[in-house]
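Structural description and commentary
The lines below spell out each chain.
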Amino acid sequence: MTVRDEVLGANERYASQFDKGDMRGAPGRRFAVVTCMDARLDPARFLGLEEGDAHVIRNAGGLVTDDALRSLVISHHELGTQEALVIGHEGCGMLQLSNERLRAHLGAAAAELDFLGFSDLDEAVRRSVRKVRESPLLPDSFAASGFVYDVRNGRLREVT
């Protein structure tokens, strides 16, 4: 069985009991999460979220990039979120990621790309929180907090 077939089977089982078709797109708990795409992270589980509770924005490193900020701005202005949680994690593959090494591997097509690797996890979270707090596109009342998730024990640690 292919991954495609497994996913379609799982979706059929889910859809056969689906009863949430009338949910609103706005998150019920009025917050958004920016976190890493790492498969070890299940933000719904480690944050106690149900469908419809929060917007979850994921990318490599859990960074507030321009695109993640775009999503937060839409989340706030169009859908009413009032707060963002930025969550990095221990053992992130973006720690020590080398633009030069990756560009050499990928060739000329990647010459201008910044893959946004970082060497200090806490500082990367702090920078992302600052980017949210300092954005002229979000009101001063929009809150932002930073955390690091420990993949070994499932706990969050606040980054100040």
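Look up a bit, the structure's there.
Along each chain, numbering runs from 1 in the same order as the chain's sequence is written. Per-residue local features of the predicted model are confined to residues with pLDDT of at least 70, and side-chain atom pairs are confined, for both listing and counting, to 80 or more; whole-chain, interface and lining totals are unaffected and use all residues. The basis for every side-chain value is the complete set of non-hydrogen atoms in the structure, without hydrogens or water.

Some thoughts on the state of the cysteines
Here is the rule we go by: Cysteine sulfur atoms that come within 2.5 Å of each other are treated as a disulfide pair. Accessible area is worked out with a 1.4 Å probe on protein chains only. A residue is then buried under 20% of its type maximum, exposed over 50%, and partly exposed in between.
Overall, the coordinates contain zero disulfides when judged by the stated rule. With no disulfide of its own, Cys 36 lies 4.1 Å from the sulfur of Cys 92, the closest cysteine sulfur. Among the residues examined, Cys 36 registers a relative accessible area of 4% and is labelled buried. By relative accessible area, Cys 92 is classed as buried at 6%.

Description of the pattern of salt bridges
Our working rule: Whenever Lys or Arg places a side-chain nitrogen within 4 Å of a carboxyl oxygen from Asp or Glu, that contact is recorded as a salt bridge. Numbering goes from the N terminus for both helices and strands, where a helix is a DSSP run of H or I of at least four residues and a strand is a run of E of at least two.
Summed over the entire model, instances satisfying the criterion amount to 11 salt bridges. The salt bridge partner of Lys 20 is Glu 51, with a shortest N-O separation of 2.5 Å. You can see Lys 20 sitting in the loop between helix 1 (3–16) and strand 1 (31–36) and its partner Glu 51 sitting in the loop between helix 2 (43–46) and strand 2 (54–59), a full 31 residues away along the chain. One salt bridge connects Asp 150 with Arg 152, and the closest N-O pair in it is separated by 2.9 Å. A single salt-bridge network, built from bridges that share partners, covers Glu 90, Asp 122 and Arg 157.

Here's the deal with the packing of aromatic side chains
Put simply, the rule reads: Two rings belonging to Phe, Tyr or Trp (six-membered ring only in the last case) form a pair when the distance between their centres is within 6.5 Å. Interplanar angles under 30 degrees mark stacking, angles over 60 mark edge-to-face geometry, and anything in between is tilted.
In the structure shown here, the tally under the stated rule is two aromatic pairs. Ring plane angle 50° and centroid distance 5.5 Å describe the contact between Tyr 14 and Phe 18, whose orientation is recorded as tilted. Their ring planes at 20° and their centres at 4.1 Å tell us that Phe 46 and Tyr 149 sit as a pair that is stacked. Taken together, the positions of Phe 46 in helix 2 and Tyr 149 in strand 4 (residues 143–149) put the pair 103 residues apart, joining distant regions of the chain. With a relative accessible area of 9%, Tyr 149 lands in the buried category.

Some words on helix 3 (residues 66–79)
Threshold: Expected helix span is taken as 1.5 Å per residue step, with the number of steps being one fewer than the number of residues. To be clear, the arc concerns the directions from the helix axis to the C-beta atoms. Two residues qualify as a contact provided that any one of their heavy atoms is within 4.5 Å of a heavy atom in the partner residue.
In this model helix 3 runs 19 Å from its N-terminal to its C-terminal C-alpha over 14 residues, within 8% of the 20 Å that 1.5 Å per residue would give. Taken residue by residue, helix 3 has Ala 68, Leu 69, Leu 72, Val 73, Ser 75 and His 76 as its buried positions. Axial view of helix 3: buried residues confined to an arc of 160°, hence all on one face. Along helix 3, the residues that are exposed and aim more than 90 degrees away from the buried face are Asp 66 and Glu 78. Looking at the buried side of helix 3, the elements it contacts are strand 1, strand 2, strand 3 (83–89) and helix 5 (121–133).

Observations concerning the sheet that holds strand 3
Stated precisely, the cut-off is as follows: At least two bridges found by DSSP between two strands is the condition for calling them paired. To obtain an axis, a line is fitted to C-alpha atoms, over the contacting stretch when the element is a helix, and the angle between two such axes runs from 0 to 180 degrees between their N-to-C directions.
The strand order 2-1-3-4-5 describes an open sheet built from five strands, whose pairing is mixed. Each edge of the sheet is formed by a strand with only one pairing partner; in this case those strands are strand 2 and strand 5 (156–159). When strand polarity is set aside, the average angle formed by the axes of neighbouring strands in this sheet is 25°. Pairing analysis gives six bridges linking strand 1 to strand 2, with the strands arranged parallel. Within strand 2, the position partnered with Cys 36 by the bridge is Asn 59. Strands strand 1, strand 2 and strand 3 of the sheet are contacted by helix 3, whose axis makes an angle of about 170° with strand 2. Of the strands in this sheet, strand 3, strand 4 and strand 5 are in contact with helix 5, which crosses strand 4 at around 165°.

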